[in-house]
Amino acid sequence: MIQQANPGAGYLELKPEIDAAVARALSSGWYILGGEGRAFEAEFAAWLGTTHAIGCGNGTDALVLALRALGVGPGQSVVTVSHTAVATVAAIEMAGATPVLIDIDPVHYTMDPGELAEVLANPPSGLAPIGAIIAVHLYGQACDMPAISALAARYGIPVIEDCSQAHGATLGGRKLGTLTAISCFSLYPTKNLGALGDGGVVATSDAVLAEKVAALRQYGWKTHYISEFEGVNSRLDEIQAAILRVKLTHLDAHNARRQHIARQYDTALAGGLIRPPALRAGAEHVFHQYVVRVTGRAELQARLRAAGIATGIHYPVPVHLQPAYAGRVAMGPAACAETARAASEVMSLPMYPQLTDAQVEQVCEGLVACLSPAV
Ligand SMILES: *Cc1c(COP(=O)(O)O)cnc(C)c1O
């Protein structure tokens, strides 16, 4: 069976380098916030093009830390999309703020700036003042940042980029995560840059925000044992940092391999019933996921599975329809109609850099066979 994602293959490819890095971290005698973490933060910031990167426990925490560093919390709301990992919305509530979920543009699956404009001009009645917007770059491709940033600037509202699926993607030649004052990355094992455990990063070129995030992630300490404000414990450990330093040196090549695989899938789908993912003009897509839209999804998934090809769904139940949020979470005027439609039709093909050419070929042949009319 060809897996849809395969973090184990990511480890095996780099096993000697990763094992050596882990041994180095273990032998150092220092396991939390030490030299490996500092080196990873400096190397990640240099790779991204920000002056600061602050490691933390996971991508959800990265969003919480960014919101809190911006002063967003109780008594404020935060606008984001329902078509995202639940983590984006969970982070808003962890920070004490109220999420407002708006719909997507059904072509790129990212925030609909038209609806953002409506919500900013006419906020849903009873809504707490909007303190931030979280722009999610989904599947490896930028959302419409020029439109979102222009609206945010008009209303004086900060934007946080959620780059958890877009490490290395660009828009207008600029890396995502550098387009706003502060951005967040998950380093979950299946992400384009993945730890072998949990991890996250907050990136910024604002020294004040960086200092705030660095203190918040460790009990509000600026100096040891003195909590200047109420912080949390959300640290990136030395073993994960050592592993991430190895993986960071391969990230650009891994993204290029994902793009190569995507082009093979595009070719296999050309002229058929399923359209390849739409590419946004001026954007470089790093294919965290290769997502197509199908009707009769369950049947197609079963046929592909029978051909030895696993597929995924990102995400089968949108946040506004999840038991934890349904009926109580605020939405924009579109009531996330396109989101619900997309959730019932999206399907993710196998996508990870270690897929062999033969496996990619098998997926392409499987697709063509499963999509041709049954005889
Ligand atoms: C993975 C992901 C997160 C959360 O990351 P964790 O490290 O699992 O907490 C947040 N936002 C998006 C868009 C994600 O894909």
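Structure: above.
Computed from a predicted structure; not experimentally measured.

Procedures and definitions
- Residues numbered from 1 in each chain as written.
- Predicted model: local features only at pLDDT ≥ 70, side-chain atom pairs only at ≥ 80, totals over all residues.
- Heavy atoms only, no water.
- Salt bridge = Lys/Arg side-chain N within 4 Å of Asp/Glu carboxyl O.
- Helix = DSSP H or I, 4+ residues; strand = E, 2+ residues; numbered from the N terminus.
- Buried < 20%, exposed > 50% of the residue type's maximum accessible area, 1.4 Å probe, protein only.
- Pairing = 2+ DSSP bridges.
- Phe/Tyr/Trp six-rings, centres within 6.5 Å; stacked < 30°, edge-to-face > 60°.
- Disulfide = S-S within 2.5 Å.
- Near = heavy atom within 4 Å.
- Polar contact = N/O pair within 3.5 Å; in protein donor to acceptor, adjacent residues only side chain to side chain.
- Areas by Shrake-Rupley, 256 points an atom, 1.4 Å probe, with all protein chains shown as cover.
- Contact = heavy atoms within 4.5 Å.

Undergrad: Please clarify how the pattern of salt bridges should be interpreted in this entry.
TA: Once their charged atoms are close, side chains differing in charge can pair, the charge on each being opposite to the other. This model, assessed by the stated rule, comprises eleven salt bridges. Ionic pairing is found between Arg 293 and Glu 345, a salt bridge with its closest N-O pair at 2.8 Å. One end of the pair, Arg 293, is in strand β15 (residues 290-293); the other, Glu 345, is in helix α11 (residues 337-345), and 52 residues separate them in sequence. Put simply, Arg 303 and Glu 299 hold a salt bridge, and the shortest N to O gap is 3.8 Å. Of this pair, Arg 303 and Glu 299 are both found in helix α10 (residues 297-306), four residues apart, which corresponds to roughly one turn of the helix. Given a relative accessible area of 53%, Glu 299 falls into the exposed group. Each of the salt bridges in this network shares a partner with another, and the network as a whole consists of Arg 24, Glu 36, Glu 43 and Arg 245.

Undergrad: For this particular structure, what's the right way to read the sheet that holds strand β9 (residues 174-175)?
TA: Backbone hydrogen bonds hold the strands of a sheet together, and the pairing may be parallel or antiparallel. An order of β9-β8-β14 is seen for the three strands of this open sheet, with the pairing classed as antiparallel. Looking at which strands have only one partner, the edges of the open sheet turn out to be β9 and β14 (283-284). In this sheet, β9 lies alongside strand β8 (residues 170-171) in antiparallel orientation, the contact comprising two bridges. Its bridge partner lying in β9, Thr 170 is registered against Lys 175.

Undergrad: Explain the packing of aromatic side chains to me, please; I cannot follow it from the model alone.
TA: Overall, the coordinates contain eight aromatic pairs when judged by the stated rule. Centroid distance Tyr 109 to Tyr 139: 5.6 Å. Interplanar angle 70 degrees. Geometry classified as edge-to-face. Placement of Tyr 109 in the loop between β4 (104-105) and β5 (110-111) and of Tyr 139 in the loop between β6 (130-136) and α7 (145-155) is noted, with a sequence separation of 30 residues between them. Summarising the burial analysis for this pair, Tyr 109 and Tyr 139 share the class buried.

Undergrad: Explain the state of the cysteines to me, please; I cannot follow it from the model alone.
TA: Here, disulfide denotes a covalent bond that connects the sulfur atoms of two cysteines. Under the criterion given, the structure shown has zero disulfides. Cysteine Cys 56 remains unbridged, with the sulfur of Cys 184 as its closest cysteine sulfur at 7.5 Å. Summary of cysteine pairing: Cys 370 is not part of a disulfide, and the nearest cysteine sulfur, belonging to Cys 364, is at 12 Å.

Undergrad: Teacher, can you tell me more about the site of the ligand here?
TA: As a matter of local geometry, the ligand sits amid 14 residues, with Gly 59, Thr 60, Asp 162, Ser 186 and Lys 191 nearest to it. Here an oxygen atom of the ligand and a backbone polar atom of Gly 59 are 2.8 Å apart. Interatomic distance of 2.5 Å between a side-chain N/O atom of Thr 60 and an oxygen atom of the ligand. Look at the ligand: alone it shows 380 Å² of surface, and the protein chains cover 90% of it. If you list the elements that add at least two residues to the shell around the ligand, you get α4 (59-69) and α5 (86-94).

Undergrad: Can you walk me through the environment of His 320 in this structure?
TA: As for its position among the elements, His 320 is in the loop between α10 and β16 (330-331). Distance from His 320 to Leu 101, taken between C-alpha atoms, is 7.4 Å for residues 219 residues apart in sequence. If we ignore the near neighbours within four places in the chain, the residues touching His 320 are Ser 82, Leu 101, Tyr 325, Ala 326, Val 329, Met 331, Ala 335, Cys 336 and Thr 339. Side chain to side chain, His 320 and Ser 82 meet in a polar contact 2.7 Å long.

Undergrad: Explanation requested: the pairing of strand β1 (residues 52-56) in the structure shown.
TA: Moving residue by residue along a regular strand, the side chains alternate between the two faces of the sheet. Among the five residues that make up β1, four are buried, leaving the element largely enclosed by the rest of the structure. Both β1 and strand β11 (residues 200-204) contribute to a ladder of five bridges, which runs antiparallel. Within β11, the position partnered with Ala 53 by the bridge is Ala 203.

Fair warning: the whole summary comes from geometry, so function is off the table for now.
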